[in-house]
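Secondary and tertiary structure notes
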Amino acid sequence: MAASAAWAQQVVASATSPNGALAVEVQLDPMGKLGYDVKRKGKEVIGLSRLGFNLANAHKLDGGFSVRDSRTSEHDDTWEQPWGERRYVRNHYRELRVEVEQKNRDKRGLVVVFRIYDDGVGFRYEFPSQPQLKDVEITDELTEFVVAQPATAWWIPAGELPGLEELVQKAPLKEIGTANTPLTVRLDDGTHIAFHEAALVDYASMWLRKVEGQKLRAQLVPSSTGPAVVRHGAFTTPWRTMRIADDAAGLYMSDLELNLNEPNKLGDVSWVKPSKFVGVWWGMHLQQTTWNAGPKHGATTDNTKKYIDFAAQNGFRGVLVEGWNQGWESDWGHGGADFSFTKPYPDFDLPALSAYAQQKGVRLIGHHETGGNLVAYEKQMDAAYKLYAKYGVDSVKSGYVHEAGTMLFPGADGRPHYGNYDSQEGVRHFLKAVTEAARYKIAVDTHEPIKDTGLRRTYPNWLSREGARGVEYNAWGNPPNPVDHEAKLVFTRMLSGPMDYTPGVLSLVGADNKVFNSTQAKQLANFVVIYSPIVMAADIPENYAKYPKAFKFIKDVPTDWADTRVINGAVGEYVTMARKDRKSDGWYVGAVTDGNARTLPLPLSFLDKDKQYVAEIYRDGDAADYRNAHRFDLVVETKTVTAKDTLQLKLAPGGGQAIRIVPKK
Ligand code: NOJ
């Protein structure tokens, strides 16, 4: 029999956020089924939603519950990020801890802990150590999220072939299928909610399955060998999170998931360097060069030297080298078995190049493409990091190109098998790759990654990741990224954390002259709007030479911020962001729009009151339009400004604007 919201519910515990805006109630129904609801400013935003589990090795943890204990407490502190969108993060919440037990099932206990912030709610389950349930084999997590008012969703399907690289779709929430998170919804009254999770460790990733109406249920990513999650002894699940705000800007401003992660476990991480890089990369995607050896091999000693020189001349710290290692000849995207992570191709001289780079103040950025073959990769991982560490390579881009469901796992029993990259096994692997790298003081930028759940707080060497459609799709076409892509990403994917988006293709064309849905000014704005501490300026040096005026912004823009403000924004339409440099008094602004031209006001009230500044403005020209040759129309001009001024940012269709604001000398 299903629990029905119509049955008499009993509120067994409740608490509010520090300023009272958000309120959570925990309820039991007459069958002892557990549920919760969330109100914002007195109005229900999450209706009665169920909590519990189905298990494979024991009777379900659902129903028959009574409350053993419930407690509230408050926490308020501020912590410092080694790098990030802002330096200091306030962690202010009220905690509601509810312990329940199933009297008629050997008194098995379960704890639900809510942390209620003014800008969102996180909750997780704690499984205590208990002899009557030593091993926990979870087949289903019954957690629900019942969105209480009609809503629009921006979502990507879960479990589909390109993983997280689906186009973001807009639809009435009641019409979506099974979604990946972050899942962003806008209620009809304007309230925005983003559903996600925090601290995904040793547990299956959570998809959200639309059950009926606007009811979403957690769907744990299936394992191909057994229950979705298998744990022993006491453990906690990841946090289930809801950022809740008046508008899209408010969603981005929340630090909910970071706050719900554990503090830094790596200690001194001064070896993790936020920075910009270039690489023998776009040439490959343009099909001018190849990853594999041969007449068009990209990662040759000579070509890499050219990029090192270019990086040194223009102030880039890194040079990414893909295709340096043997094994690219096979069908690597679907196999990965032939990759060596320690044997360079004969025309790539790693020791000489690393010495050449270091002498010029540049570092090589390593590359491990695994093709999703963890059997081959895990065997070589230690030796691979060791090799890079020996040659001063302190950041590695990794790659897991494969189609969903076909990651090859070594298997706990030693028998390799295929499965989901975001299953519990996959989750373990991605974190292992990062913690092993940390042993060698190497930072990781994961492509085709597990989604970000804020683990960068705990492991700050997890610098960035891909996890959405990057600029490479514009090289390939079929189709290129749509004109509203960035305005969607900021309020969906980017809520989870940094993205290695590879911006800054000033030539605005991919392979075979496939055209970008962007003006040149928007390419510059993307450096501010799409956050990553490690950012590739993706275009080839020849193209940067053609556009020196625009290139100046790319050279100037930092990648590590003291503060971030979302000035305005609407999901999939536009966004304006201002970010303060960590190392200077400069501010950087980025604004992007969809296919519509717009004028966005930018009040400069974030600047110091008593200072004069120079604003270096990179804007769409009056005729600029992403649909024709005027996409290159870029005006660069300067203005003297103060905190009292409001600039009007005029964006072309598919356009953008980037501004560097520095104190006037
Ligand atoms: C896909 C990645 O996103 C891209 O950046 C990389 O060049 C290729 N895989 C090869 O590893």
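Quick notes on the rules
- Residues numbered from 1 in each chain as written.
- Predicted model: local features only at pLDDT ≥ 70, side-chain atom pairs only at ≥ 80, totals over all residues.
- Heavy atoms only, no water.
- Helix = DSSP H or I, 4+ residues; strand = E, 2+ residues; numbered from the N terminus.
- Rg over C-alpha atoms; globule rule 2.2 N^0.38 Å.
- Buried < 20%, exposed > 50% of the residue type's maximum accessible area, 1.4 Å probe, protein only.
- Areas by Shrake-Rupley, 256 points an atom, 1.4 Å probe, with all protein chains shown as cover.
- Lys, Arg positive; Asp, Glu negative; His and termini not counted.
- Charge placed at Lys NZ, Arg CZ, Asp CG, Glu CD.
- pLDDT = per-residue confidence, 0-100.
- Contact = heavy atoms within 4.5 Å.
- Pairing = 2+ DSSP bridges.
- Axes fitted to C-alpha atoms, helices over the stretch in contact; angles between N-to-C directions.

Glancing now at the overall build of the protein chain. What the protein chain contains, in helices and strands, is 12 helices and 38 strands. In summary, the protein chain has a C-alpha radius of gyration of 25 Å against a globular reference of 26 Å for 665 residues, a match within 12%. On the principal axes, the C-alpha backbone points of the protein chain span a range of 75 × 60 × 45 Å. Within the span of the protein chain, comprising 665 residues, buried residues form 63% of the whole. Of the accessible surface of the protein chain, which amounts to about 23500 Å², a share of 48% is contributed by carbon and sulfur atoms. Mean positive and mean negative side-chain charge positions of the protein chain (80 and 82 charges, respectively) differ by 3 Å.

Here the focus is unusual backbone geometry. Here the bond from Thr181 into Pro182 is cis, since omega is 0°, no more than 30 degrees from zero. Secondary-structure assignment places Pro182 in the loop between β14 (178–179) and β15 (183–187). In this structure, Lys41 is a non-glycine residue whose phi angle is positive, near 50°. For Lys41, the location among the structural elements is in the loop between β3 (34–40) and β4 (43–51).

Bringing the confidence of the model for the protein chain into the picture now. With 98% of its residues at a pLDDT of 70 or more, the protein chain has an overall mean of 97. Across residues 1–5, where pLDDT falls below 50, the model places six contacts with residues more than four positions away in sequence or in other chains.

Right, let's talk about the sheet that holds strand β24 (residues 363–369) for a bit. Here seven strands make up an open sheet; going across it, the order is β29-β28-β25-β24-β23-β22-β30 and the pairing parallel. The sheet is open, and its two edges are formed by β29 (462–465) and β30 (534–536), each paired on a single side. Averaged over all pairs of adjacent strands, the angle between their axes in this sheet comes to 30°, without regard to strand direction. Bridging between β24 and strand β25 (residues 395–399) involves four bridges; their strand directions are parallel. Bridged to Glu369 within β25 is Gly399.

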